[in-house]
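These are the residues of each chain, in order.
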Amino acid sequence: MRKALGADYIIDFDMNIIKNGWLVFHKGKVEFLKCEPEGDFHEKIKLVNTVIFPSFVNAHTHLELSLMDFNPIKIKSFFDWLLWIISSRQKLDKEEIKIGVAKGIELSQKWGTGFFGDISSFGISRHIIKNGIAFNEIIGKIFNDNTRPPLSIHAVYSTSVETIKRAVQKSLKHGTLYQMHVGETAEEEKFVRGEPNLFESLIYPTIGRKRFEKIYAENIVAYLEKTGALTNLLIAVHCTNLSRKELETLMKKECGIVICPRSNIFLKTGFPDIEFLIDYDRLGIGTDGLSSNTSLSMLSEIKAIYIKTEGKTDIRKLLKAATIGGAKVLNIENTYKQSGLFTAITTEKKITNPLTALLMDDIKVNAFDLKGEKVLNSLKQLSDN
């Protein structure tokens, strides 16, 4: 079933921009053409005032928490939020969580996201998410040997060293990726060095526990290495408070790195070193969940980085991180390229620069699947409205 879709601008998987380009989809393969294709097609249309690019990959989400009533105005610090999230997530029941996942997927698709790197805390999203990976969350002192990879080891302050080691060993045995929140707060550095920190002085007493082990290291990445977690199967999420030396070590180990800029801003934990990270091939972007963000819009993440860095960050490189970069982080690059999932941005006026269009507010965003029946005509109707 041959389909052809044209637009003012087409952006391919390598972030090449094709003016007046065309997508041709046939037998599960996508071609990017510089001129209108000839021949017979099941569907063939040309969209105006439109930019088309590969689907967004939200490389770090918590879709199971999509019904939580996050209010950034009420959050004074990360630790204020952490106490709120610990209390609030206990009140969710199974049906609410299912509804939350469905809502999260629907909202994400409206913003052009087709693939996810989701954290399944309750074992529910892994049965619902079709595109991407759902990681089973590991937290606490005891590791359950029945937990199925892929795994998400929560963080150094919430997971025992023994649990980290066993989760990593299981991941290595199965050859599966594992995620971990790394350096989200400055207090984590204090924690791994054995210095006074708010996890031990505030959070632990509140939840009635103490530090699991007295094991220390000079920094977070060195701590990960001591636990055996520093491998090329690691996806380090946030990395907001890591030094460039630590980031360089992660990159040398070929770890995946995912940044969640707006979540970090709302939780007041800092901002990732985007200047140092932007050219790393396995860099992805995530929104985090609606439990720590106001939307699941990847476009808003791109805008936040661009504005925060005062326009010094290359938008094309940001788009790469938000699309194919996330696919590389999740090790689903081939599946991603063959999926037929794309995103179209349409404006009311003529587009002179497709990258500038990503920063505009008055736009329509449509996620679409080239494999779908009559998908191009439906897309044409949406863009005409």
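This text follows the structure it describes.
In this report, we go over the structure that sits alongside the text. Predicted model, so just to flag it, every value in this text is computed and none were measured.

Once that is clear, we can look at empty space enclosed by the protein. Unfilled space is identified by rolling a water-sized probe across the atoms. Inspection of the entire model under this criterion finds one cavity of 30 Å³ or more. Size it by volume and the largest cavity reaches roughly 40 Å³. V156, Y157, T159, F191, Y204, R211, F212, E213 and Y223 together form the lining of the largest cavity. A breakdown of the residues in the lining of the largest cavity according to their chemical character gives six nonpolar, one polar and two charged.

On to the sheet that holds strand 10 (residues 132–138), then. Taken together, eight strands build an open sheet; the order of strands is 8-9-10-11-12-13-14-15 and the sheet is parallel. What marks the edges here is a single partner per strand, and that holds for strand 8 (56–61) and strand 15 (283–285). Neighbour-to-neighbour, the strand axes of this sheet turn through a mean angle of 25°, independent of strand direction. Pairing analysis gives three bridges linking strand 13 (residues 234–238) to strand 14 (residues 256–259), with the strands arranged parallel. Bridge assignment links V237 to a residue of strand 14, and that residue is V258.

Taken as a whole, the largest pocket encloses approximately 660 Å³ of empty space. Considering the residues around the largest pocket, the lining is formed by 31 residues, among which I86, R89, E137, I139 and H154 are closest to the centre. If you list the elements that add at least two residues to the lining of the largest pocket, you get helix 1 (78–89), strand 10 and helix 5 (198–207). With six residues, the top contributor of residues to the lining of the largest pocket is helix 1.

The strand order across the open sheet built from four strands is 5-4-1-6, with neighbouring strands paired in mixed fashion. The sheet is open, and its two edges are formed by strand 5 (29–33) and strand 6 (43–46), each paired on a single side. For this sheet, the mean inter-axis angle between neighbouring strands, taken without regard to orientation, is 15°. Alignment of strand 1 (residues 3–6) against strand 6, held across four bridges, turns out to be parallel. Looking across to strand 6, one finds that A4 is bridged to K44.

It is worth spelling out helix 10 (residues 298–308) at this point. Taken residue by residue, helix 10 has M298, L299, E301, I302, K303, A304 and I305 as its buried positions. Here helix 10 starts with a cap whose side-chain oxygen sits 3.4 Å from the backbone nitrogen of L299, and that cap is S297. Directly after helix 10, the chain includes E310, whose backbone phi takes a positive value near 55°.

Cut-offs applied
- Residues numbered from 1 in each chain as written.
- Predicted model: local features only at pLDDT ≥ 70, side-chain atom pairs only at ≥ 80, totals over all residues.
- Heavy atoms only, no water.
- 1 Å grid on protein atoms, 1.4 Å probe; cavity = no way out; pocket = protein on both sides within 12 Å on 5 of 7 lines; lining within 4 Å.
- Points joined across faces, edges and corners; volume = space filled by probe spheres on them.
- Nonpolar A, V, L, I, M, F, W, Y, C, P; charged D, E, K, R; others polar.
- Pairing = 2+ DSSP bridges.
- Helix = DSSP H or I, 4+ residues; strand = E, 2+ residues; numbered from the N terminus.
- Axes fitted to C-alpha atoms, helices over the stretch in contact; angles between N-to-C directions.
- Buried < 20%, exposed > 50% of the residue type's maximum accessible area, 1.4 Å probe, protein only.
- Polar contact = N/O pair within 3.5 Å; in protein donor to acceptor, adjacent residues only side chain to side chain.

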